[in-house]
Amino acid sequence: MKDSLFASTRILVTGASGQIGSELTSELARRYGNDKIVVSDIKRTEAARAISFQYLDVTDKAAVQRFVKDRDIQVIFHLAGILSATGEMNPEKTWSVNTGGLRNILDVARDRTPMRVFWPSSIAVFGPEAPKINTQQESPLMPRTIYGVTKVVGELLCDYYSDKYGLDVRSLRYPGIISSETLPGGGTTDYAVEIFYAAIKDKRYTCFVSKNTILPMMYMPDCISGTLRLMEVDLSRISIRTSYNLAGFSFSAGELAEEIKKHIPDFVIEYKPDFRQKIADSWPMSIDDSFARKDWGWKPSYNLSSMTKDMIGKLSARKS
Ligand code: AKB
């Protein structure tokens, strides 16, 4: 479903050293060629080495402006941001990076045409007021974390720039993302990734949320295919200009441990909930993503069992 904008332009990924950025970059390079992709971050990791890497601090508007102009960028995946748990340690910085960074990207994008922007929102836009099960697109947005607040504001900014300036900006409310290439950093859903690394290395894990904590999650291949599908579809198919609910599958921490035990029978888990439990408890358990399904044909491929098998296979192969 490649369209002409993607085929003919340079694509910028901010936050490219992060969990999603590193795998999105590889897939973009595979689809469009290394020379079409420019990756940026404030730190460089192994995953970002193959592609043209440039330091870029998204809170520096003049730098973003120069960067986008000099490299003739027409598509931006703006992934740079601070996640929920780290966000609570430093709300001022989280506001500045998440909200200030997004505004800079939107301002720069507004002044260039044609331009298409992707920005990730999150299930963290919801708070305890939203229904826990099958939380809907229009359920109340009352987050209890600064991260969630920046995501709500970000969604409204996306909608505003789209409505007022006609900017083509598209967004998804990601659930927790599970991946085998780059570890997440600073999120509340990180246990669902750490548990695999610990199970394979030490056969034991201390989980920072309780056994019965259920959260919406998604496997990285689905996250990448959903993100690229949204970005590649014709604009006429997009009816939500804030951010689309997006679901993979939901499970409790205990169910994940049981699934891992099917592959590693002597795996042992203990539960020591910390401050992240409160954040997890404020989020939905499952998400209704019918708008994404109806508008642009979203359908995830993985469930708990196929994701677990694939994760263990990939991480075990790397260990040996
Ligand atoms: C986090 O845990 O902060 C993120 C998210 C759900 O947005 N993974």
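Before reading further, recall that the structure is shown in the block above.
Residues numbered from 1 in each chain as written. Predicted model: local features only at pLDDT ≥ 70, side-chain atom pairs only at ≥ 80, totals over all residues. Heavy atoms only, no water.

Draft legend 1. Structural view of the site of the ligand. Residues in close proximity to the ligand include L83, S84, S122, I123, Y147, G187, T188, T189 and W283, which together make up its full environment. One of the side-chain nitrogen or oxygen atoms of S84 is found 2.5 Å away from an oxygen atom of the ligand. Between the ligand and T189, the relevant distance is 2.9 Å, taken from a nitrogen atom to a side-chain nitrogen or oxygen of the residue. Taken by itself the ligand offers 260 Å² of open surface, and the protein chains cover 93% of this. Because more than half of its atoms lie within 2 Å of the grid, the ligand is assigned to the largest pocket. (Near = heavy atom within 4 Å. Polar contact = N/O pair within 3.5 Å; in protein donor to acceptor, adjacent residues only side chain to side chain. Areas by Shrake-Rupley, 256 points an atom, 1.4 Å probe, with all protein chains shown as cover. 1 Å grid on protein atoms, 1.4 Å probe; cavity = no way out; pocket = protein on both sides within 12 Å on 5 of 7 lines; lining within 4 Å. Sits in = over half its atoms within 2 Å of the grid points.)

Draft legend 2. Focus on the pairing of strand β9 (residues 214–219). Among the 6 residues in β9, 5 count as buried, and that is most of the element. Relative to strand β11 (residues 249–252), β9 runs antiparallel, the two being bridged by 4 bridges. Its bridge partner being in β11, P216 is matched across the sheet by S250. (Buried < 20%, exposed > 50% of the residue type's maximum accessible area, 1.4 Å probe, protein only. Helix = DSSP H or I, 4+ residues; strand = E, 2+ residues; numbered from the N terminus. Pairing = 2+ DSSP bridges.)

Draft legend 3. How the structure looks around the packing of helix α9 (residues 253–261) against helix α12 (residues 304–319). It is at 10 Å that the axes of α9 and α12 come closest, and there the two elements cross at 55°. Relative to α12, the element α9 is oriented oblique. In terms of crossing hand, the pair formed by α9 and α12 is right-handed. Within the contact between the two elements, α9 uses E255, L256, E259 and I260 and α12 uses L304, S305, M307, T308 and I312. Across the contact of α9 with α12, the residue classes break down as 5 nonpolar, 2 polar and 2 charged. (Axes fitted to C-alpha atoms, helices over the stretch in contact; angles between N-to-C directions. Parallel < 35°, antiparallel > 145°, perpendicular 65-115°, else oblique. Left-handed = near helix turned anticlockwise from the far one by under 90°. Contact = heavy atoms within 4.5 Å. Nonpolar A, V, L, I, M, F, W, Y, C, P; charged D, E, K, R; others polar.)

Draft legend 4. View of the nonpolar core. Of all hydrophobic cores here, the largest spans 42 residues; its most connected members are I178, Y191, F196 and M307. Counting residues per element, the ones that place at least two in this core are α6 (146–165), α7 (191–201), β8 (204–207), β9, β11, α9, α10 (276–281) and α12. Looking at this core element by element, the count peaks at 8 residues for α7. When residues of this core are assigned to domains, at least three fall in each of domain 1 (4–176 + 220–245) and domain 2 (178–216 + 249–286 + 302–319). Among residues more than four places away in sequence, those in contact with F196 are I178, L256, I260, M307, T308, M311, I312 and L315. Counting 36 residues, the second-largest nonpolar core is a separate cluster that includes L28, F53, Y174 and I177. (Core = buried A, V, L, I, M, F, W, Y, C linked by side-chain atoms within 4.5 Å. Domains from an automatic or database assignment.)

Draft legend 5. Representation of the packing of aromatic side chains within the structure. Taken as a whole, this structure holds 10 aromatic pairs when the rule is applied. The interplanar angle of 45° and the centroid separation of 6.4 Å between the aromatic rings of W296 and W298 together place this pair among those described as tilted. Here W296 and W298 have matching classes, each one buried. Pairwise contacts between aromatic rings join F77, F118 and Y174 into one cluster. The side chain of R71 reaches across the aromatic face of F67, ending 4.0 Å from its centre. (Phe/Tyr/Trp six-rings, centres within 6.5 Å; stacked < 30°, edge-to-face > 60°. Lys NZ or Arg CZ within 6 Å of the ring centre and 35° of its normal.)

Draft legend 6. Structural view of the sheet that holds strand β3 (residues 52–55). The parallel open sheet is built from 7 strands, whose spatial order is β3-β2-β1-β4-β5-β6-β10. Sheet topology places β3 and β10 (244–245) at the edges, where each strand pairs with a single neighbour. Two elements, strand β1 (residues 10–14) and strand β4 (residues 73–78), share 5 bridges in a ladder whose sense is parallel. In the strand pairing of β4, I11 is matched with V75. Along the sheet face, helix α5 (residues 91–110) touches β1, β4, β5 (116–122) and β6 (168–174) and points at about 165° away from the line of β4. Set on the sheet, α6 makes contact with β5 and β6; between it and β5 the angle comes to about 150°.

Draft legend 7. The sheet that holds strand β7 (residues 176–178), seen in detail. An order of β7-β9-β11 is seen for the 3 strands of this open sheet, with the pairing classed as mixed. The open sheet has two edge strands, β7 and β11, and neither has a second partner. Pairwise comparison of adjacent strand axes, ignoring direction, gives a mean angle of 45° for this sheet. Taken together, the 3 bridges between β7 and β9 define a ladder with parallel strand orientation. Considered in β9, the bridge of I178 is made with Y219.

Draft legend 8. Up close: helix α2 (residues 19–32). Its 14 residues give α2 an end-to-end C-alpha distance of 21 Å, which sits within 8% of 20 Å, the value for a rise of 1.5 Å per residue. In terms of residue burial, α2 counts as a mostly covered element, since 11 of its 14 residues are buried. The first or second residue beyond α2 is G33, which carries a positive phi of 100°. (Expected span 1.5 Å × (residues − 1).)

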